[in-house]
Structures are given as structure tokens and as C-alpha cells.
Amino acid sequence: MFAYIIRRLLEMIPVLLVVSLLVFGFIKLLPGDPARIYAGPDAPLAAVEAARQHLGLNDPLPQQYLHWLGGLFRGDLGVTYRTQQPVLEVIKKGFMPTMWLALAGFAWSVILGLFLGVLAALKRGKWQDWTLMSVAVGGISMPTFWLGLLLIQFVAMPFGLFSVSGFNKPTDIILPAITLGSSVAAVMARFTRSAFLEVAQEDYVRTAKAKGLRNRLVTWKHVMRNALIPVITMLGLQFGFLLGGSIVVESVFNWPGLGWLLIESIKAQDQPVIQALVMLFVFEFIVINLLVDLLYAVVNPAIRLRQEP
Amino acid sequence: MNPFFRRTSLALGLTLSLAAAAQAQDLHISMYADITGLDPHDTSDNVSYSVQSGIFERLFQFDAQMKLQPWLATGYTSNDSATEFTLTLRKGVTFQDGTPFDAEAVKANLERLADQTKGLKRNSLYKMIAKVTVLAPDQVKVELNQSFGAFINTLAHPSAVMWSPAILKQYPDEAQLRLHPVGTGPFKFVDWQPGKAVNLTKYDGYWQKGWPKVDNVTFSPSPEDATRVAALKSGQVDAIWPLPSDLISTVQNDSKLAIQRDPSIYLYYMAINTQHKPLADLRVRQAINYAIDRNLWLKVAFAGMGKPASSAIPEGVQFWQKQSDPNYRYAPDEAKALLKAAGYPNGLDLKLWTTNATASVRAAQFLKAQLATAGIRVTVTPMDSGTRNAKLWGVKDPKQAEFDLYYGGWSTSTGDADWALRPLYATESWVPTSYNVSYYSNPAVDKAIAGGLATADPAKRGVAYAEAQKLLWKDAPVAFLGTPDNLVGKRSNLSGVSMLPDGNFLYTQAAFK
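Residues numbered from 1 in each chain as written. Chains lettered and ligands numbered in written order. Predicted model: local features only at pLDDT ≥ 70, side-chain atom pairs only at ≥ 80, totals over all residues. Heavy atoms only, no water.

Concerning the overall build of chain A
Scanning chain A from terminus to terminus reveals 12 helices and 0 strands. In chain A, the order of α-helices and β-strands from amino to carboxyl end is α-α-α-α-α-α-α-α-α-α-α-α. Projecting the C-alpha coordinates of chain A onto the three principal axes gives extents of approximately 85 × 65 × 30 Å. Residues classed as buried in chain A amount to 48% of the 309 residues present. Across chain A, the fraction of contacts at a sequence separation of at least 24, relative to all contacts at a separation of at least 6, is 72%. If you sum the accessible surface of chain A, you get close to 15,900 Å²; carbon and sulfur atoms cover 70% of it. Each charge sign in chain A was given a centre, from 25 positive and 18 negative side chains, and these centres are 15 Å apart. (Helix = DSSP H or I, 4+ residues; strand = E, 2+ residues; numbered from the N terminus. Buried < 20%, exposed > 50% of the residue type's maximum accessible area, 1.4 Å probe, protein only. Contact = heavy atoms within 4.5 Å. Areas by Shrake-Rupley, 256 points an atom, 1.4 Å probe, with all protein chains shown as cover. Lys, Arg positive; Asp, Glu negative; His and termini not counted. Charge placed at Lys NZ, Arg CZ, Asp CG, Glu CD.)

Have a look at this one:
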């Protein structure tokens, strides 16, 4: 197990290197002059040139890339062009708000999604199943920003329990978390239902039933456990999507997290921040995938972590 | 002290302090972007300037009509050639750290602003300052390296604030300094949580007795228009700026809310690339100006709140003069006749560039429809601001400039005609040196602009700028459009929040009724 984790971690390095090259390349392709942004929109030409020199933008691209990569390893991400604060500081400030939001959105959506999915599967073909799945389809189809605006308009504004904008008190996390998790809850419900039904048709379930095991025991011991495996894969992916979805939700609710930061940085063409954030999102995605793989083993020891021959 | 008495007095004290806390008046303001920094000398955006204006003050100020008024300086004298200015300073003013405001403080700040090696964003505005001499504790002489008639206006620019000289000395490192803003303003800096809030609190030693009226001010950025308006409607914030013009009805319909509407000096125009052959012809440029209904443009783009253009500079700028020759009204027939005379009886095809902001695209589409009535066929190309900056301002050689028309605007941040004219219309200001994106050149205009700068005598400057405006209006290097009003949404019991014509938000006189 330990060796497996180490190997997986080592495998991350080439992936991250390729990603860093792509990220750097794409950012360089973006139109706009970073030196102009750094120096300010009204700065005279001389100041822009000085900024270009200062930021090393006259260096050959490979040198710029290596410089950036070196900084990445040292934890030095440079300073933002817009506010000239260290990028690391800015990202640190946004990290926890985004994590709290993603976790809150994830928690409620997974619990509800699993519960509704199993319920729908158990009531397969009945009206409860139909109702639940229709709601789920609605949930998947609804654009998150629209749901967010609806919640602001009809929940936050009339009652005053929640801030309309920003993160001012603990309850303020509720509406963005609901918005963020809604489509995940819907996806989870549908996915759990089909995984559950698929496993329920397996031979070993039939055998278990034929042996005279009680229905409830079969459901929980055999069906549930096996159905959970694809569900966990899905969970990992969904958490990754939640981080992506936070970009929209944070903008609508003015949530001071990384998604908000990314949007603002893109608007301001603040390249060091964009680069760092994209790398961070990729890194998170990879780590989540690793965690999902490890979780497989915990849920179902029948899946062995195969050693390389 | 007997325990009963002690307990009672403690309880009483607690109650009193709680009551005081309950009475503390907090002002919450939400704006469209976060600040970029806390050092006005190294800032170039209005959001930051606005927030900073509670902490820092300048020697001269603009009032609501963009007229100069003395502030930390009470007056000035200058020589005829506008190379020497002697400023008299206000007495009895102290910085928030207790340092007295005096001539030494002014010297330290002007020298910092003038130091071109500092690389501060606004250094270039002050490069004419050659020497600052302390004459007396309340008197300072500034010598310039050239005639600069607009010098006092420049000192009223939002970046020309007075830092506490003690703080400047204490933090020689810029990165540290900009986290410790200390000025003479009515509010002290508390903290800045980027993306979330800037907090200020009342400065008890403020020199204007009786001010400020509110105890704490919180600024929070909210870029989403709808979210910002929702925050105002729900009572989460007391004022928002700007109030987007397409959402004014939701504020108008709410009796607890009010709209503060003030004129601006942001002139919208459609730059015309005079390097392109058809547009080099004066008649074509005038035809474009005849083909646009400015009032309708204001309705489409700004809910009708504003003023149509009446000169090359907006009305609020010093030395503005209304132009009426030619009389650019909406006259498609006149436009067609001019095009025909210029050799384009079948009209012509032009490329119009704009940013991809919804309001800009809408306005550009409207202009396209208007020009079509005169036979000018326009292709609108919206682009994100990065592409726009690169393709418009990054051009090294005028021949590379591909656009025919560009929808944009200009704010005259000094409120003086020089900064309204020189960057946009002087030959020396061709992109990329400055912002003359029309690549317009007229020696007579250059001469008038230079003449306005060569003297500090307002009468002489007025004559020079009148000439420049007359020539520019006739020459039409841009399609003059108009100036939308600045809109602030606020609670109706809140007074003293408004916007200066240059787009800076004022809140130092805020008070709840």
C-alpha cells in the first residue's frame, strides 16, 4: 500500500510538468501586454518598458518558463500584476473559503444524492422513483448561476438570514453551498440508482437471495457494498467538478475564494495568479483521483492494489 | 470599594459601552471592483483612489463641479511663466500617527512623486517638478523644469496625496509601506482583506471639526451588477457604485432607496482612424458625426441619463466651450451628401472595434444601425480587453492599426482641458506614446494645446483651449458622443455620498438622517 502511494506520487511529477508547460504556453498565447498591466493603464511607454525588464519579459521563453518553474518549486509564485502582493499570499487567503464551500456543497449533495438514489432504486418503477428522477434531471439541467440568482432573489433578499453578497457570517455559506451542490446531488442520485440496480441483477445477488438470506441483508451487505465502488469514482470526479463549479458560484455570491480570484485575475489579465491557480486546480484534481483510488481499497478489499510485475 | 458598588458600576459601565457600540454608525459600501493598493502615489484606478480618499488628503481638491478648491494648501502664487509656485499650507492639521502636517511633509511627498526612479504608477504626472524648497513651516516653493500652467490642477489629482513623512521614513521598503497608509483624512485604515473588504475607522483628531459623522466604513467589492443591487435592496449595504443604468428601475421602485445622480466628465467617443484613406477625408469624418443621434445613443447605452457631446472635451472640464459649428445633429441626408461629395456615393464599409462588455456591444450595434442610415456599412468586432489593448494600444507603427472606428472613452482625471486634449489629439501623443488612437495631426491644434500649457494665466489658457476646441470640433478626429451621468444607489436616509465627475466616489461627508 505504502509503495503504491509512493509510486502514484512519483507518477504525478511528469504529469504536472506537462501541465505546467501547457499552462505556461497558453498564458503566453493570451493577447495583452503583462508589462502594461503591471505598470498601470496610463503609464508612459518608458514605465512599461521598465516593467517589462523588471518582470523578465524580454528573456527568451524557455528561460522565462524555467524561472517560473523554479519559483514554483521554491514556493515563490511571484507578485500579482494588479496589486503587487505575493501571489502565494493571495491564494492562501482564498483557499479556505473555497474549501469550506466545496466541502459544504459536497457534504449535503452526497448525503442527499446517495439517499435519494437508493430510495429510487428500492422503489424502482413506482411513482416515488419517477418523481425523484424527474427532480434529479431538473437539478442537472439547471444552470448553477441561475439557481444562485433565484436563491439570492427569493431567499436571501426577503428574509435577511443570509448575506446577499460575500462571506460575513457563518450562515452565509448555506446558499452558495446549496447552489454549488445541486447538480452534484442530482448526478449522484441518478448514478447511485443505476449502480444499485445494476448490482442487484448480478448472479451473486440472486444466489444470495436463493440461499434464503434476508432481503435487507442482501441489500446492505452485497448490493450496497459493490454498488459503492463506481459511486466512489463518481464522487471523486464530482468533487473535482465542484472546484470548477465554484468559479461560477463564487462570482454570483461574491464569495472571496479561489474561483472569484480566478475570474478577477482573468479580467485583469493577472498572469502570475492565473498560472498559479490553474496549476493548483490541476494538482487538486490529481490528488483527488489518488484519494479515490485509495478509497476503493478501503471500501472493497477484493480490489487489490496491484504491484508492477 | 464595596463589592456591591463595584459590581453595579461594572454592570453600568458595560451597559453604557454596549449602548455606545450599538450607537456606532457603520457605513457599508459596495463597489464594482476591489482596490489594487493603498498607496495613492502608486495607484492608477478610481476604485482605489475613492477608498484611499478617506485616509489621505491632497493640497487641492475638486468640488462637485470639478472646480479647484484649496484643501491642505490654502492658496498659491505663481510666476508669469508658470515655472514657480509658492504654496501656503493649512495650519493645525495632523496626520493620523500624530505627525504634524507642514512644509517638510509636503516636500517629502512631492519629492517622492517626482522621483522618476521610483517606478511608481503616477511618477510621470509629476516629472516637471524640479525642486521643492521649504520657506517656512507653512510655506513651500515648487520649481518646475518647464512651464506648466496646469500644475495646480495636477496637484489636485487623486494620486497627489500627502503621506505622513514619519511613515515614509519608517518603511523605506515599498512593499511594507503600502500596507501602512497614514494620511490626514477623516478615517484611519484598519485592514484590507483582498476580495472581501477594506475597513476604515473614524480618526478623532481630524482637522475639520464635527466630521466625520460615521464611525466605521466598510468597502466590499461586488463585480456582479445584479448581486450588488441585491445587496443594496436587502439592506446589507448602504450604498453601491456604480448603479448600473439598466437596473435603476429596481431602485426607483423602492421607497427605502434613492439614486444619487451626478454629472461626469467621462466622454464617450468613437475614434476615427485618420490614417485610413476614406477617413482621412474631413467630409467623411463629418458625415459620421452627422449620422449619429446622440440623445438616442444616451437612451440606448445609459437609460438617457447624461448629456450629449457639445465639444471635444466634456462640459465639466475646465475651459470647456460649447461648439455649434458645424451643428452635428442627427441628419442622415447631410451625411449622405457629404459622403457623395467625398466620392463615396454608394457609402462605404468600415470596421468598428469595441470591448466585449455587454453595454459596449449594445452601443456599438446601435451605432452600426445609425451609420447604416447614411449608407455606411459597419462590421462590429467585440474583443476582450486583453486583445483590445494589444491591437489598439500595442501598435508601434500607425500603418499596422487595422481598425477604422473604435468605441471608447476618456476621463479627464485632472479636470483640466490639457489632460482632455493633449493625450487624445496632440501629434506627440500618437499611440503607443499616448492615447491619440485616431493618429490625428493638426499643427494648429498642437500649437493651441501647447499654448494652453505655456502659461498659468487662466484667461490666456482659456483663449488657447477655445481655439483647440473649435478646430477639433470642425476636424472631427472622433465621433463625439456624450457624457453619461454617474449613478450611485443608496439608502434614502443616507446623505453625503456622491460621485465626482471624474468617477471618484465621495463618502467623507456621509451621514445617516
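Focus: the pairing of strand β5 (residues 84-89) of chain B
Residue and element names in this part refer to chain B. Sheet topology places strand β4 (residues 73-78) next to β5; 5 bridges connect them, and they run antiparallel. Paired with Thr-77 across the strands is Thr-86, a residue of β5. The turn joining β4 and β5, which pair antiparallel and follow one another in sequence, is formed by 5 residues; a positive phi near 55° is taken by Ala-82. When β5 meets strand β7 (residues 139-144), the two strands line up antiparallel, connected through 5 bridges. If you follow Thr-88 over to β7, its bridge partner there is Gln-139. (Pairing = 2+ DSSP bridges.)

Observations regarding the UniProt feature "transmembrane region" (unreviewed entry) in chain A
Residues and elements named next belong to chain A. Taking the numbering used here, the UniProt-annotated feature "transmembrane region" (unreviewed entry) corresponds to residues 12-30, 99-122, 134-161, 173-191, 227-253 and 273-299. Its end C-alpha atoms 26 Å apart, residues 173-191 is made of 95% helix and 0% strand. Helix makes up 100% of residues 227-253 and strand makes up 0%, while its end C-alpha atoms are separated by 36 Å. (UniProt positions renumbered as here; feature names shortened; annotations may be inferred.)

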